[in-house]
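Residue-level structural notes
Chain by chain, the residues run as shown.
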Amino acid sequence: MEKYIVLLRGINVGGKNKVKMADLRTELLKEGFETVQTYIQSGNIVVESNLSSKTITQKVATLLTQKFKLDTTSVKILTLSKIVYESIVMEAPEDYGKIDQTVDYRYDIS
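Keep in mind the model is a prediction, meaning the values are calculated, not measured. (Residues numbered from 1 in each chain as written. Predicted model: local features only at pLDDT ≥ 70, side-chain atom pairs only at ≥ 80, totals over all residues. Heavy atoms only, no water.)

**Observations concerning the environment of threonine 26**
Tracing the sequence through the fold places threonine 26 in helix H1 (residues 21-30). Along the sequence, threonine 26 and valine 36 sit 10 residues apart, while their C-alpha atoms lie 8.6 Å from each other. One polar contact links the side chain of threonine 26 to the main-chain carbonyl oxygen of alanine 22, over a distance of 3.0 Å. (Helix = DSSP H or I, 4+ residues; strand = E, 2+ residues; numbered from the N terminus. Polar contact = N/O pair within 3.5 Å; in protein donor to acceptor, adjacent residues only side chain to side chain.)

Written as C-alpha cells, this is what we have:
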C-alpha cells in the first residue's frame, strides 16, 4: 500500500463547490481507500492505496461528480505519490519558505 497526496483545487472557495471534508473522508473510505486524512477545509487529502496516481485522480473526480454533484471542469485534482511529493519538497530552491521583504513569494502548496 502506497501513500498519496491528493490536492483538490477549486473546492470550498468563496462559498462555491462546497465539500465537507468529513463527508469526503467517509466516501473515500467507502471507495476502498485506506488511512484517509484531510486537512481542515483545504481540499488536501492523504490516502493509502494500491492504485496508480492516475486511477486515484479518476476515482476522486467520479466521486466529486456523483456524490457531491460538482462540475469537475472547475475543480482541479493533482495526485502525487508520497515519494514524488517528498522529492518536490527536497528539490525546492534553497530560499524556499524564507521571508523576503523584496519579493512576494507564495508558499501555499505545502
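**Focus: unusual backbone geometry**
Notably, threonine 35 is not glycine yet its phi reads approximately 45 degrees, a positive angle. Structurally, threonine 35 is set in strand S2 (residues 34-39). The phi dihedral of lysine 69 is positive, around 55 degrees, even though this residue is not glycine. Inspection of the secondary structure puts lysine 69 in the loop between helix H2 (53-66) and strand S4 (76-81). For lysine 69, a relative accessible area of 67% gives the class exposed. (Buried < 20%, exposed > 50% of the residue type's maximum accessible area, 1.4 Å probe, protein only.)

**Regarding the pattern of salt bridges**
Enumeration over the complete set of coordinates arrives at 3 salt bridges. Measuring nitrogen to oxygen at the nearest pair gives 3.4 Å for the salt bridge that ties lysine 30 to glutamate 27. Of this pair, lysine 30 and glutamate 27 are both found in helix H1, 3 residues apart, which corresponds to roughly one turn of the helix. Residue lysine 30 is classed as exposed on the basis of its relative accessible area, which comes to 60%. For glutamate 27, a relative accessible area of 13% corresponds to the buried category. Across the pair glutamate 31 and lysine 59 runs a salt bridge whose closest N-O atoms are separated by 3.7 Å. In this pair, glutamate 31 sits in the loop between H1 and S2 while lysine 59 sits in helix H2, placing the two residues 28 residues apart along the sequence. Since its relative accessible area comes to 37%, glutamate 31 is described here as partly exposed. Assessed through its relative accessible area of 27%, lysine 59 is described here as partly exposed. (Salt bridge = Lys/Arg side-chain N within 4 Å of Asp/Glu carboxyl O.)

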